Amino acid sequence: MQSRPEKPRLAWAVTGSGHYLEECLDIIRDLDDVDLFYSRAGEEVIRMYGHEPKAVNGSGRVYHDRAASAPPVGLFYRGDYHTLVVAPATSNTVAKMVLGLSDTLVTNVYAQAGKCRIPSIILACDTEPEMETPAPDRLVKVWPREVDLAHTHKLRSFEATTVVETPEKLLTAIRLRLDEIN
Ligand SMILES: Cc1cc2nc3c(=O)[nH]c(=O)nc-3n(C[C@H](O)[C@H](O)[C@H](O)COP(=O)(O)O)c2cc1C
């Protein structure tokens, strides 16, 4: 296991979403002390959009979803992180979080952050009944289903969880949190 950082850092989980991906990468690049946690789809999708998963967060650590038991969750118990951001969060990951499932690295870090009372900020992809979203080669129209929108809505009621709908609101929520802990 990696050595403990001098002070708690920001944990940022990336799932396999093209929606808001570029905006999230822009925010990550401007932050210090961020470690990345990729879902398997997150790693694949970010490559489809032309980015190298390890090159986004400078000298920060990068964790991949390779093991069944998600060993990096131990870092949350050790106090390495003050906050978890999940952005962008796919319909799939949001649905699992709402059901309390933790069978991927990202759903595990969300569940364990909650159990450690570490606040999470989630940028959900499915917030509007109709959206325009970038596929790797073009813009496409998407109509999130009622079940997707219902999951996003339900997640808002979870303890220690802030759900935001846009990258601008995500940045504001992160800044507020960083001010709070500094
Ligand atoms: C190019 C590409 C873009 C995608 N964009 C989205 C998206 O914007 N929102 C979404 O919910 N799923 C999107 N997906 C599908 C997810 O990657 C897929 O549901 C995956 O199983 C999610 O796994 P994860 O939640 O563990 O990351 C996309 C897939 C591909 C190949």
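Values in this document were obtained by computation on a predicted structure and should not be read as measured data. (Residues numbered from 1 in each chain as written. Predicted model: local features only at pLDDT ≥ 70, side-chain atom pairs only at ≥ 80, totals over all residues. Heavy atoms only, no water.)

Chemist: Sorry, what's going on with the overall build of the protein here?
Modeler: Secondary structure assignment for the protein yields seven helices and eight strands. Taking 2.2 N^0.38 as the reference for a compact globule, 182 residues should give roughly 16 Å; the C-alpha atoms of the protein span a radius of gyration of 15 Å, in line with that estimate. Viewed in the frame of its principal axes, the protein has a C-alpha envelope of about 45 × 35 × 35 Å. Burial status across the protein gives 52% buried among its 182 residues. (Helix = DSSP H or I, 4+ residues; strand = E, 2+ residues; numbered from the N terminus. Rg over C-alpha atoms; globule rule 2.2 N^0.38 Å. Buried < 20%, exposed > 50% of the residue type's maximum accessible area, 1.4 Å probe, protein only.)

Chemist: Would you mind going over the environment of Leu21 with me for this structure?
Modeler: Residue placement: Leu21 occurs in helix H1 (residues 21-30). Exposure remark for Leu21: the relative accessible area of 1% places this residue in the buried category. Between the alpha carbons of Leu21 and Val45 there is a distance of 9.2 Å; along the sequence they are 24 residues apart. If we ignore the near neighbours within four places in the chain, the residues touching Leu21 are Val14, Ile46, Tyr49 and Pro88. (Contact = heavy atoms within 4.5 Å.)

Chemist: Just to check I follow, could you spell out the sheet that holds strand E8 (residues 161-164) for this structure?
Modeler: Backbone-to-backbone hydrogen bonds join strands into a sheet, with any given pair of strands oriented parallel or antiparallel. Strands sit in the order E3-E2-E1-E4-E5-E8 across an open sheet of six strands; the sheet is parallel. Each of the sheet's edge strands pairs with one partner strand only, and the pair in question is strand E3 (62-63) and E8. Across five bridges, the pairing between strand E1 (residues 9-14) and strand E2 (residues 34-38) is parallel. Looking at the pairing, Leu10 lines up with Val34 of E2. (Pairing = 2+ DSSP bridges.)

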